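Coordinates in review
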Amino acid sequence: MSYDYHGRWSDLTSFDSPLFSRQSDDNFSNELSTEWTVKYYMSKGLQKSKILVGVTAAGTHFKLKNVTINGVGAPVVKSSTARLSDLWLLPDRYAYPEICRVEQSTHAVKVFDEEQRVPYA
């Protein structure tokens, strides 16, 4: 499993399933990435041929504390009034088709984070 590294329990915006660790910000643990996880299992003796990496085609909805601070690592509001997704019916967790709908129906700006190799909007 290489997802749910971050989510609605997080204090900052981040990715559910980052490919690489975020080295540029001390607020992020190096252990929360797909690359780190695979290397860890291999260091414990798991054969590379036995590893199957699963990533999620989903994302987390974060409510920003300040809309002008909106990149990776932006502070978020933790709330008990989460938005339910239409497809998964999970709080603040959206399946890929729902994310596409939001991108098309709003002025969301798609961004690609080069450091962790993850798209977001």
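Keep in mind that this is a model prediction, so the values were computed, not measured.

Turning to unusual backbone geometry, a few remarks are in order. At Asp 92, a residue that is not glycine, the phi angle is positive and equals roughly 55°. By the element assignment, Asp 92 lies in the loop between strand 1 (58-60) and strand 2 (93-95).

A full pass over the atoms with the stated rule returns 10 salt bridges. For Arg 8, the salt bridge goes to Asp 92, with nearest N and O atoms at 3.7 Å. Of this pair, Arg 8 sits in the segment before helix 1 (34-43) while Asp 92 sits in the loop between strand 1 and strand 2, and the two are 84 residues apart along the sequence. The class for Arg 8 is partly exposed, based on a relative accessible area of 34%. Where Arg 101 meets Asp 86, a salt bridge forms, and the shortest distance between an N and an O atom there is 3.8 Å. In this pair, Arg 101 sits in helix 2 (residues 96-105) while Asp 86 sits in the loop between strand 1 and strand 2, placing the two residues 15 residues apart along the sequence. Each of Asp 4, Asp 16 and Arg 93 takes part in salt bridges that share partners, so that together they form one network.

Of the voids in this model, the largest pocket is the one considered here, and its volume is about 1,300 Å³. Looking at the largest pocket, it is lined by 39 residues, and the ones nearest its centre are Thr 60, Ile 99, Pro 119, Tyr 120 and Ala 121. For the lining of the largest pocket, the secondary structure elements donating two or more residues are strand 1, helix 2 and strand 4 (118-120). In terms of residue count, helix 2 provides more of the lining of the largest pocket than any other element does, 5 residues in total.

Parameters and conventions
Residues numbered from 1 in each chain as written. Predicted model: local features only at pLDDT ≥ 70, side-chain atom pairs only at ≥ 80, totals over all residues. Heavy atoms only, no water. Helix = DSSP H or I, 4+ residues; strand = E, 2+ residues; numbered from the N terminus. Salt bridge = Lys/Arg side-chain N within 4 Å of Asp/Glu carboxyl O. Buried < 20%, exposed > 50% of the residue type's maximum accessible area, 1.4 Å probe, protein only. 1 Å grid on protein atoms, 1.4 Å probe; cavity = no way out; pocket = protein on both sides within 12 Å on 5 of 7 lines; lining within 4 Å. Points joined across faces, edges and corners; volume = space filled by probe spheres on them.

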